Amino acid sequence: MLPIVSDPRFEPHFPPSSRRLRRSAAFLGMLGWIASCGWILVFFLITASLYSALDRFRCQMEACGGEPEGWDLPLVTIFAAPRPLLSDEVDPVWMRQELAVRSWTALSLYVDVVLFGKHPSILALAKSLGPQVTVETEIDSTFLGTPFFHSMIARSQATRTDISILVDPEIIILPDILTTLSYIHKIKSDWFLVSLSRSVSHFPYRLVDNGQHWVHEDGRKIEIKKLQEFLSHNWKESNSSERLLIAWNNVDLPLHEGILPPFLYGKGLHDLWLMNEVLSSETRFIFDASDLAFSFYPERLGLWPNNFSRVSKIDTERIWEFKGNYHLAALYGSLPFQQSNIPNNLYKIVEWLGHYYLVSEAKRTVHPLEGPDQLASHSLEVVLGQEVENPQPITSFLNYWRQKKWKSCAQDISSMSKVNQLFTLKVRKFPVEVSGPIHLPLSLESLLHLVADKDKSIVLGIAGFSYRDMLMSWVCRLRQLGVTNFVVCALDSETYEFSVLQGLPVFKDTLSPRNVSFDDCHFGTECFQRVTKVKSRIVLQILKLGYNVLLSDVDIYWFDNPLPLFLSFGPAILGAQSDEFNETGPINLPRRLNSGFYFARSDPVTIAAMEMVVRHASASSLSEQPSFYDVLCGEGGVNRVGDNQCLEPKTNLTVLFLDRNYFPNGAYKSLWEKNDVRSACQNIGCFILHNNWINGRKRKLERQVLSGLWEYDPSSRLCMQNWYTTKSRK
């Protein structure tokens, strides 16, 4: 084949006008290409704008997740009452508690932890975990150490942080709770949250690096998302109402109307009772967060066997504590009354596609908890009942898309609501009936063995129903001073039951006189004469059981514990208060021995002398006080020794009249009339101050309350602690 050779003679030849047309065509083609690109760009911008608009609607409907800039975490305090570590043996309960507390401190630096208790093991745990964990020792508890739920609630309300959480000490809490609380905290209303924690039969993880990481028992680290996946596949629903987490925002508004009874913590019904009263009061929104599962109870940790039951032997022996809670739940509040209606202030918190919603079963509505559309109301019934037609105009597309997404959301949430009934609604159907009389299954000897100190000494208080508030102020003061070796003798059934429910070591004297007057049983009355004879007889009974006795009337205010001083007196010495009102002269004059405050040792000499006093008083028409003086000091004071002693000749018992600067009666130096009674007494070194030399129970009560020497709030049945404020009483 011959090569093709270009020959200029055969090339086309265009005139100048044709070349101009060709250049114009090329230019127009370029303009067309640019125009096409422009249309593509415009289409892209429109699409992006539409997507952005859809995304904004999606955020309004579902709420945008994550933590936006300026995320404001509320200050949170977690409260719990852990069980002390009572032995050196491996205790799974203590291990669960320690892991739980570590999980709380790992949540955030904005979270503080307060543990209720006085036991050294609790103090040591708090110290090991750093400044985030503190111990509150000033909490009301029974003589066996069981904390009072109403005291825990009052202390939790007295905190200055935004939110208080009260949780079972073995419950592990995950970080999701802070996200939930942060959204709830933005609600401009008062609220109360409850969550029933689920259980995990085996939890093989622990916290390391000061709570920064969870690791498997073999040491492998696990991310929090993987941990949550493990939990979602392994946890189970709990039917127990004990493993609860409750939380609320701290404002001046009380949690509920009325007074919280003195329930014993961990002994049943107290959480249920409180939830029911908050629901019934309708002063707060109630959020049931049980479906969120941000907390759980690990039944078994790592390689350790679950060989410790939550109900121990000592719990089964103290069944009366559970009976006491049932008794209170039946007498107070509305829990015994069956509630069929769903409260309007009750909402369930659910999670859908990673976002949070409030569902009202009563109103059949759902509300986003997050985003710019927070708390907007959307009816479940309307959304589920409508069929959305496909709109043609572009202006209706966004509304159509929003309705379609809400329909899907509402269907899922409605399904969840049907499957998981509100835990708080189950509470309202809890059967509660009034139990029989409450009593301690302890003999006097058993009671003394439990409370006596190492010297086998006890403090004895005796009271009837008219003096129950004064009894409690006396008890609260002893607790403040760390005096725990006291017992109470109840003169009637009402005082006995009241004392049992207040956690006091109490016994009832079956021989006490009946029909004790409420307002007319003060000094000089016939009622007073009958009641006082009980005191010497009970003291003698306890002395014969081998215990030293410091008898103290409950109208005596203690500034310090005098027992170490009395024990230094030695045997065969009875120390008693002098009722002499003159500031100078002898203090052992006739009939000046006050039988409302004295210390008697359990020795043969003292017992023999007390037997003489009891016999004399039983045959006398007067009170026991004259019998004390006439027997021990002789009629007219013939057995007086010096200005402050007597010597009983038959037994050789020495009676020492106590220095009135240290043990003043109600008339000495007119101390009760001072502007500052406390300072006046402390300046002269008072151990005690007797509120006697005044007629009438009401006047005596008024004088003590107004003086500031009062430590009990009858309206809340709480001792007045240092943290006790007006806010905590509301």
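See above for the structure.
Residues numbered from 1 in each chain as written. Predicted model: local features only at pLDDT ≥ 70, side-chain atom pairs only at ≥ 80, totals over all residues. Heavy atoms only, no water.

1. Some points on the overall build of the protein chain
Going by this rule: Runs of E in the DSSP output that reach at least two residues are strands. Runs of H or I that reach at least four are helices, and both are numbered from the N terminus. Burial status follows relative accessibility: with a 1.4 Å probe on protein chains alone, a residue under 20% of its type maximum counts as buried, one over 50% as exposed, and anything between as partly exposed. We call two residues contacting when some pair of their heavy atoms lies within 4.5 Å. Shrake-Rupley sampling with a 1.4 Å probe provides the accessible areas, and residues are treated as covered by the protein chains on show and by no other component.
Scanning the protein chain from N- to C-terminus turns up 22 helices and 31 strands. Across the 730 residues of the protein chain, 52% fall into the buried class. Contacts spanning at least 24 positions in sequence make up 74% of the contacts within the protein chain whose residues lie at least 6 apart. Counting only carbon and sulfur atoms, one obtains 54% of the accessible surface of the protein chain, whose full area is about 34400 Å².

2. A closer look at the side chain of Asn 345
Note the following rule: Polar contacts, as used here, are pairs of N or O atoms within 3.5 Å; protein pairs need one atom able to donate a hydrogen and one able to accept it. Residues neighboring in sequence count only if both atoms are side-chain atoms.
Relative to the assigned elements, Asn 345 resides in the loop between α9 (319-331) and β15 (346-352). The class for Asn 345 is buried, based on a relative accessible area of 9%. Polar side-chain contacts of Asn 345 include one of 3.0 Å to the backbone oxygen of Arg 284.

3. Structural notes on the state of the cysteines
Put simply, the test is: Whenever a pair of cysteine sulfur atoms sits within 2.5 Å, that pair is classed as a disulfide.
Inspection of every chain in the model, using the stated rule, returns two disulfides. The residue that forms a disulfide with Cys 633 is Cys 646, at a sulfur-sulfur distance of 2.0 Å. Measuring the twist about the S-S bond at about 105°, one finds the Cys 633-Cys 646 disulfide to be right-handed. One end of the pair, Cys 633, is in the loop between α19 (624-632) and β26 (640-641); the other, Cys 646, is in strand β27 (residues 645-648), and 13 residues separate them in sequence.

4. Points about the packing of aromatic side chains
Put simply, the rule is: Two rings from Phe, Tyr or Trp (for Trp, the six-membered ring) form a pair when their centres are within 6.5 Å of each other. A pair whose planes differ by under 30 degrees is stacked, one over 60 is edge-to-face, and the rest are tilted. Note on geometry: a ring has a charge over it if NZ (lysine) or CZ (arginine) is within 6 Å of the ring centre and within 35 degrees of the ring normal.
Across all of its chains, the model carries 24 aromatic pairs by this definition. On the basis of an interplanar angle of 70° and a centroid distance of 5.6 Å, the ring pair of Phe 285 and Tyr 347 is categorised as edge-to-face. Of this pair, Phe 285 sits in strand β13 (residues 285-288) while Tyr 347 sits in strand β15, placing them 62 residues apart in sequence. Residue Phe 285 is classed as partly exposed on the basis of its relative accessible area, which comes to 27%. Site record: aromatic cluster; members linked through ring pairs are Phe 566, Phe 569, Phe 597, Phe 599, Tyr 662, Phe 663 and Phe 687. The positively charged end of Arg 243 is found above the aromatic ring belonging to Tyr 297, 3.9 Å away from the centroid. Above the ring of Phe 498, the side-chain terminus of Arg 468 is found at 5.0 Å from the ring centroid.

5. Let's talk about the nonpolar core
To be explicit about the condition: The nonpolar core is taken to be a set of buried Ala, Val, Leu, Ile, Met, Phe, Trp, Tyr and Cys residues, with the residues joined through side-chain atoms within 4.5 Å.
If you look at the biggest cluster of nonpolar residues, it comprises 79 residues, and the most contacted ones within it are Ile 458, Val 459, Leu 460, Ile 542, Trp 558, Phe 597 and Tyr 598. One finds Leu 99, Val 101, Trp 235 and Leu 245 within the second-largest nonpolar core, a separate group that totals 57 residues.

6. What to know about the packing of helix α2 (residues 92-105) against helix α3 (residues 120-128)
Condition: Working convention: axes come from line fits to C-alpha atoms, limited for helices to the stretch in contact. Angles between N-to-C directions cover 0 to 180 degrees. By convention, the crossing between two helices is left-handed when the near helix turns anticlockwise from the far helix through less than a right angle, and right-handed when the turn is clockwise. Ten residues, namely Ala, Val, Leu, Ile, Met, Phe, Trp, Tyr, Cys and Pro, are considered nonpolar, four, namely Asp, Glu, Lys and Arg, are considered charged, and the remaining ones, Gly among them, are considered polar.
It is at 11 Å that the axes of α2 and α3 come closest, and there the two elements cross at 35°. Considering only the axes of α2 and α3, their crossing is right-handed. Together, Trp 94, Glu 98 and Val 101 of α2 and Ser 121, Ile 122 and Leu 125 of α3 make up the contact between the two elements. Each residue belonging to the contact of α2 with α3 can be placed in one class, and the counts come to four nonpolar, one polar and one charged.

7. Some thoughts on the sheet that holds strand β7 (residues 198-200)
Convention followed: Two strands are counted as paired when DSSP detects at least two bridges linking them.
Taken together, four strands build an open sheet; the order of strands is β5-β14-β7-β11 and the sheet is mixed. With one partner strand each, in any of the chains shown, β5 (172-173) and β11 (235-236) form the two edges of the open sheet. For β5 and strand β14 (residues 295-298), the ladder comprises two bridges, and the chain directions are antiparallel. Each bridged residue has a counterpart across the sheet, and for Ile 173 the counterpart in β14 is Ser 295.

8. Some thoughts on the pattern of salt bridges
In plain terms, the rule: We define a salt bridge as a side-chain nitrogen of Lys or Arg found within 4 Å of a carboxyl oxygen belonging to Asp or Glu.
The full count for this structure, using the stated rule, is 16 salt bridges. For Arg 537, the salt bridge is made with Asp 509, and the minimal N-O distance between the two is 2.7 Å. Taken together, the residues span a long stretch of sequence, with Arg 537 in helix α16 (residues 526-544) and Asp 509 in the loop between β21 (506-508) and α16 at a distance of 28 residues. Of the charged contacts, one joins Lys 535 and Asp 553 as a salt bridge, the two residues approaching to 3.1 Å between their closest N and O atoms. Pair noted here: Lys 535 is in helix α16 and Asp 553 is in the loop between β22 (548-552) and β23 (556-558), with a separation of 18 residues, a long-range link. Taking relative accessible area as the criterion, Asp 553 reaches 18% and is therefore assigned buried. Among the ionic contacts, a cluster of salt bridges with common partners joins Lys 267, Arg 318 and Glu 321.

9. Here's the deal with the environment of Ala 293
Take Ala 293: it is sitting in the loop between β13 and β14. By relative accessible area, Ala 293 is classed as buried at 7%. Ala 293 sits 61 residues away from Ser 232 along the chain, and the two C-alpha atoms are 8.6 Å apart. With near-sequence residues (within four places) excluded, Ala 293 lies in contact with Leu 174, Arg 198 and Trp 235.

10. A closer look at the side chain of Thr 77
Locating Thr 77 in the fold gives a position in strand β1 (residues 76-80). Residue classification places Thr 77 among the buried positions, given a relative accessible area of 3%. Here Thr 161 takes part through its side chain, which lies 2.8 Å from a polar atom of the side chain of Thr 77. Setting aside anything within four residues of it in sequence, one finds Thr 77 in contact with Asp 112, Val 114, Thr 159, Thr 161, Ile 163, Ser 164 and Ile 165.

11. Observations concerning unusual backbone geometry
In this structure, Glu 282 takes a positive phi of about 55° despite not being glycine. For Glu 282, the location among the structural elements is in the loop between α7 (270-281) and β13. Take Glu 282: its relative accessible area is 55%, and that puts it in the exposed class. Of note in this structure, Lys 669 is not a glycine but carries a positive phi near 55°. Mapped onto the secondary structure, Lys 669 falls in the loop between β28 (653-657) and α20 (677-683). Owing to a relative accessible area of 29%, Lys 669 belongs among the partly exposed residues under this scheme.

12. With respect to the environment of His 449
Turning to its location among the elements, His 449 is positioned in helix α13 (residues 444-451). Sequence separation between His 449 and Asn 485 is 36 residues; the distance between their C-alpha atoms is 9.8 Å.

13. Observations regarding the pairing of β28
Taking burial as the measure, the five residues of β28 include five buried ones, the bulk of the element. By the alternation rule, side chains of β28 split into Leu 653, Val 655 and Phe 657 and Thr 654 and Leu 656, which are all buried. Where strand β24 (residues 573-578) lies against β28, four bridges are found, and the strand directions are parallel. Bridge pairing links Ile 573 to Thr 654 in β28. Two strands pair when backbone bridges link them, and β27 and β28 are joined in this way by four bridges, in the antiparallel orientation. Each bridged residue has a counterpart across the sheet, and for Glu 648 the counterpart in β28 is Leu 653. The hairpin formed by β27 and β28 contains four residues between the paired strands, and Asn 652 there has a positive phi angle of roughly 65°.

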